[in-house]
Amino acid sequence: AAPVITIDGPSGTGKGTIAGLLAAHLGWHLLDSGALYRTLALAARRRDVDLDAGPELGRLAAQVRVQLEGERVRLDGEDVSAAIRTAEAGVDASRVAVHPDVRAALLGWQRDAAVAPGLVADGRDMGSRVFPDALLKIYLDASPEERAQRRYKQLKDKGMDANLRDLVQELRVRDQRDRERSESPLQVPIAGIVVDSTSKSIDEVFLQVRDLAEA
Ligand code: CDP
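Here the structure is a predicted model, which means the values were calculated and not measured.

About the criteria used
- Residues numbered from 1 in each chain as written.
- Predicted model: local features only at pLDDT ≥ 70, side-chain atom pairs only at ≥ 80, totals over all residues.
- Helix = DSSP H or I, 4+ residues; strand = E, 2+ residues; numbered from the N terminus.
- Rg over C-alpha atoms; globule rule 2.2 N^0.38 Å.
- Buried ≥ 20, exposed ≤ 12 C-beta atoms within 10 Å, placed from the backbone.
- Contact = placed C-beta atoms within 7 Å.
- Near = placed C-beta within 6 Å.
- Nonpolar A, V, L, I, M, F, W, Y, C, P; charged D, E, K, R; others polar.
- Core = buried A, V, L, I, M, F, W, Y, C linked by C-beta atoms within 7 Å.

**A word on the overall build of the protein**
So, step 1. Of regular secondary structure, the protein possesses nine helices and eight strands.
So, step 2. On C-alpha atoms alone, the protein measures out to a radius of gyration of 16 Å, which is about the 17 Å that the 2.2 N^0.38 rule sets for 215 residues.
So, step 3. Based on the C-alpha atoms only, the size of the protein along its principal axes is roughly 45 × 45 × 30 Å.
So, step 4. Within the protein, the fraction of its 215 residues that count as buried is 40%.
So, step 5. Contacts spanning at least 24 positions in sequence make up 77% of the contacts within the protein whose residues lie at least 6 apart.

Written out as structure tokens, the structure reads:
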């Protein structure tokens, strides 16, 4: 099997950025598993599938065709890259993600992404459940205030609407749901290395993670 490095952690820790930089540095593939959950949530909204209906969502997950190519995400051929990046899509994603049927349906899809020369996988349960035998497991963390600030800046930079107070609140709701769900709750994986990114620049965090990857 191809080598895998996992990067897990809550929203706004810079996970996605670090995972992208590391994948580019190593010349490996990148799996943004959150994009998968976001896309499924969008598909459910469009087809009027209840976001609390686990078995139905599980069936939907097996039906839809999702393609992740770098920053671009396609749902049944349509480019949904921007539509899945809104704050609402993030909250919707965390709702569909609580269902065991959904997580089970996406498991094989995610594992299939581990192809040569290697994979950097970004998510919540990459190290704990999807790739328990990963070569290296990173858990990125940061204070809630800093995470909300970063997400705010990210949305603003993309020209999207954002309100800091709403973001703090959404982050809290999402964190709680991600931590407390019964299946694959957000947690430091066994043999995971915690990297705290509070008050660190992306460059500093990247160097730290790169050194771990090359150790
Ligand atoms: O980076 P951010 O946390 O904003 O979003 P994301 O990584 O795209 O994930 C969105 C939501 O999908 C998370 O809040 C989780 O509820 C869910 N998710 C998950 O359950 N498992 C994963 N491996 C990745 C995301």
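Further notes follow.
**Considerations on the environment of Thr6**
So, step 1. Mapping Thr6 onto the fold places it in strand β1 (residues 4–8).
So, step 2. Those residues within four positions of Thr6 in sequence are excluded, and the remaining contacts are Ala121, Met126, Gly127, Phe131, Ala134, Lys137 and Ile138.

**Some remarks on the site of the ligand**
So, step 1. The immediate surroundings of the ligand are formed by 16 residues, with Ser11, Gly34, Ser94, Ala97 and Gly123 found nearest.
So, step 2. Of all elements in the fold, only α2 (33–46), α4 (87–96) and α8 (164–180) reach the threshold of two or more residues within the shell around the ligand.
So, step 3. With five residues, α2 is the largest single contributor of residues to the shell around the ligand.
So, step 4. Here the shell around the ligand is composed, by residue class, of four nonpolar, seven polar and five charged.

**Examining the nonpolar core**
So, step 1. Ile7, Ile18, Leu22, Leu119, Val120 and Ala121 are the most contacted members of the largest nonpolar core, which totals 27 residues.
So, step 2. Ranked by the residues each element gives to this core, the list is headed by helix α1 (residues 15–26), at five residues.
So, step 3. Residues within four places of Ile18 in sequence aside, it is in contact with Ile7, Leu140, Val205, Phe206 and Val209.

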